[in-house]
Amino acid sequence: MYDVTAMGELLIDFVQNGESPQGNLQFEANPGGAPCNVLAMLARLGYQTAFIGKVGNDFFGKMLGKVIEETGIDASGLVYDEKVNTTLALVHTLADGDRDFSFYRKPGADIMLNKEEVNYDLIKDSRIFHFGSLSLTDQPANYATREAVVCAERAGKLISFDPNLRPPLWDDLEDARYEIWYGIGQCDILKIADNEIQWLTGEKDFDAGVKQILRQSNARMVNVTLGREGSISYYEGKKVFVPAFVNETTVDTTGAGDTFCACVLGYVLKHGLDGLTEENLREMLLFANGAASIVTTRKGAVRSMPGVEEIEEKIGKM
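Now for a quick tour of the structure.

Definitions and limits used
- Residues numbered from 1 in each chain as written.
- Predicted model: local features only at pLDDT ≥ 70, side-chain atom pairs only at ≥ 80, totals over all residues.
- Heavy atoms only, no water.
- Helix = DSSP H or I, 4+ residues; strand = E, 2+ residues; numbered from the N terminus.
- Contact = heavy atoms within 4.5 Å.
- Areas by Shrake-Rupley, 256 points an atom, 1.4 Å probe, with all protein chains shown as cover.
- Lys, Arg positive; Asp, Glu negative; His and termini not counted.
- Charge placed at Lys NZ, Arg CZ, Asp CG, Glu CD.
- Buried < 20%, exposed > 50% of the residue type's maximum accessible area, 1.4 Å probe, protein only.
- Pairing = 2+ DSSP bridges.
- Axes fitted to C-alpha atoms, helices over the stretch in contact; angles between N-to-C directions.
- Parallel < 35°, antiparallel > 145°, perpendicular 65-115°, else oblique.
- Nonpolar A, V, L, I, M, F, W, Y, C, P; charged D, E, K, R; others polar.
- Core = buried A, V, L, I, M, F, W, Y, C linked by side-chain atoms within 4.5 Å.

1. Describing the overall build of the chain
- Looking only at helices and strands, the chain features ten helices and 13 strands.
- Dimensions of the chain, computed from C-alpha atoms along their principal axes, come out at roughly 50 × 50 × 40 Å.
- Of the contacts formed within the chain by residues at least 6 apart in sequence, a portion of 71% connects residues at least 24 apart.
- For the chain, the exposed surface amounts to about 13500 Å²; the carbon and sulfur share of it is 47%.
- Taking the average place of the 31 positive charges on the side chains of the chain and the average place of its 47 negative ones, the gap between the two points comes to 2 Å.

2. Section: the environment of leucine 281
- Inspection of the secondary structure puts leucine 281 in helix α9 (residues 278–295).
- In this structure, the C-alpha to C-alpha distance between leucine 281 and leucine 200, residues 81 residues apart in sequence, is 24 Å.
- If sequence neighbours within four positions are ignored, leucine 281 has contacts with Met221, Ser233, Tyr235, Lys238, Val240 and Leu276.

3. Some details on the environment of leucine 64
- Along the polypeptide, leucine 64 turns up in helix α2 (residues 59–71).
- A sequence separation of eleven residues divides leucine 64 from alanine 75, and the C-alpha atoms of the two residues are 9.9 Å apart.
- In contact with leucine 64, not counting residues within four places along its chain, are Leu10, Leu11, Ile12, Pro31, Gly32, Val55 and Thr86.

4. So, the pairing of strand β1 (residues 2–7)
- β1 sits mainly inside the fold: six of its six residues count as buried.
- As paired strands, β1 and strand β8 (residues 126–132) are joined by five bridges and run parallel to one another. Among the inter-strand pairings, threonine 5 is bridged to a residue of β8, identified as phenylalanine 129.
- Summarising the sheet, β1 and strand β4 (residues 49–56) pair through four bridges and their orientation is parallel. From the neighbouring strand, threonine 5 faces β4, where its bridge partner is alanine 50.

5. Describing the packing of α9 against helix α10 (residues 308–316)
- Where α9 meets α10, the closest approach of the two axes is 9 Å, and the angle between their N-to-C directions is 105°. The orientation of α9 relative to α10 falls into the category roughly perpendicular. Taken together, the residues of α10 that come into contact with α9 (itself represented by Leu286, Phe287, Gly290, Ala291, Ser293 and Ile294) are Glu310, Ile311, Glu312, Lys314 and Ile315.
- By residue class, the composition of the contact of α9 with α10 is six nonpolar, two polar and three charged.

6. Section: the side chain of threonine 49
- Looking at the secondary structure, you find threonine 49 in strand β4.
- You can call threonine 49 buried: its relative accessible area is 1%.

7. Some remarks on the nonpolar core
- The biggest cluster of nonpolar side chains holds 55 residues, and the ones touching the most others in it are Leu10, Leu42, Phe51, Ile68, Met221 and Ile311.
- Sort the elements by how many residues they give to this core and helix α8 (residues 256–271) lands first, with ten residues.
- Leucine 42 has contacts with Val4, Tyr47, Thr49, Ala262, Leu265, Gly266 and Leu269, leaving out every residue within four places of it along the chain.
- In this structure, Ile52, Leu136, Ala152 and Trp181 belong to the second largest nonpolar core, which totals 40 residues.

Functional significance is not addressed by these values, which are geometric in nature.
Below is the structure:
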C-alpha cells in the first residue's frame, strides 16, 4: 500500500546558478516537476510514494528515472517516450529569490502520456491521489489525468490538487481557468497560492475567494500559501493563519509550495481529515512553513528536501 501516488510532469529545471568567467549565464540541471517534488518531500518524511508520468527515452529522462528511484519514489508508473524528448524548464532567479520560467514543451514527453499508459493499480493501492494543472494543459495527458481522477474517485481515495499555474504553458488562460476549476471540483484537499486565488476568483480578499471555491467544490480543506507572509488553512468553518519563517539566505523558491503541500498531506495521512481542531491546523501549518523555508535556501527541489529533525530544529529556533 502506498501513502500517496502523484501524477503529472517530471522534468529538468535548469536553475540559474551564476555566470561563467566570460560573463555567460550558467544553469544547473535539477530534477523537478511539482508532483515529484511533493513525493520527494513525503519520502523524506518516511511515507511510501509512487509516481505516474512520462519522460523521454533520452539522457535527461533516464537521469530523472534514476533520481526518483534513489529518492525512494516508486517509478513503476514512469513511462519512457521513444519519439518525444524530456520536458525542460529554464528557471531564471530574480533578485528576491522568486522565479521566471521558460519552458521547452511543445511538445514535451510529460504531455504525451495517454490513458492506456496510466498504472491505475498504483492509484487503487494508495491512500491519497495528488495531481496538478500542468498535466491538463494538453492532450493526451489531459484525458489520462481525468481517467486517473475517475479511478481515484471510484476507489474512494482522498484527492489532492495544486493548480500550480504557469501561464506560458497555456494557449489561452480561459482554458487554464476551466481546467483548474475542474481540478478544484474533484479534490478533497486544495493547496492554492495567493496570486492564483485572486486570478481564479477575482477576489482580492482571500476569505471571499475561498468562500467562492467552497461554493463551487466539495473541497474539505483549502490551504492558501502567501509566500513570505505565511499560510492560511480553511477547514470546516475554521480559519488559521501562521506566519512564514523568513530567511535572509533565500536563493531559490522552486519547490517551496510543493514542500508545503507534501507536509500538509503528511499531516493528513497521520491525523486524518476528520475532526481537526484549530490547534491541529496551526501545528500542520507551522511544520509545513518551516519545511518550505528550508527549501528556499537551496537550489532545486527533488534533492533538496529537509528531514524531520532539520524542520523541527528550524521551528525550535523561532
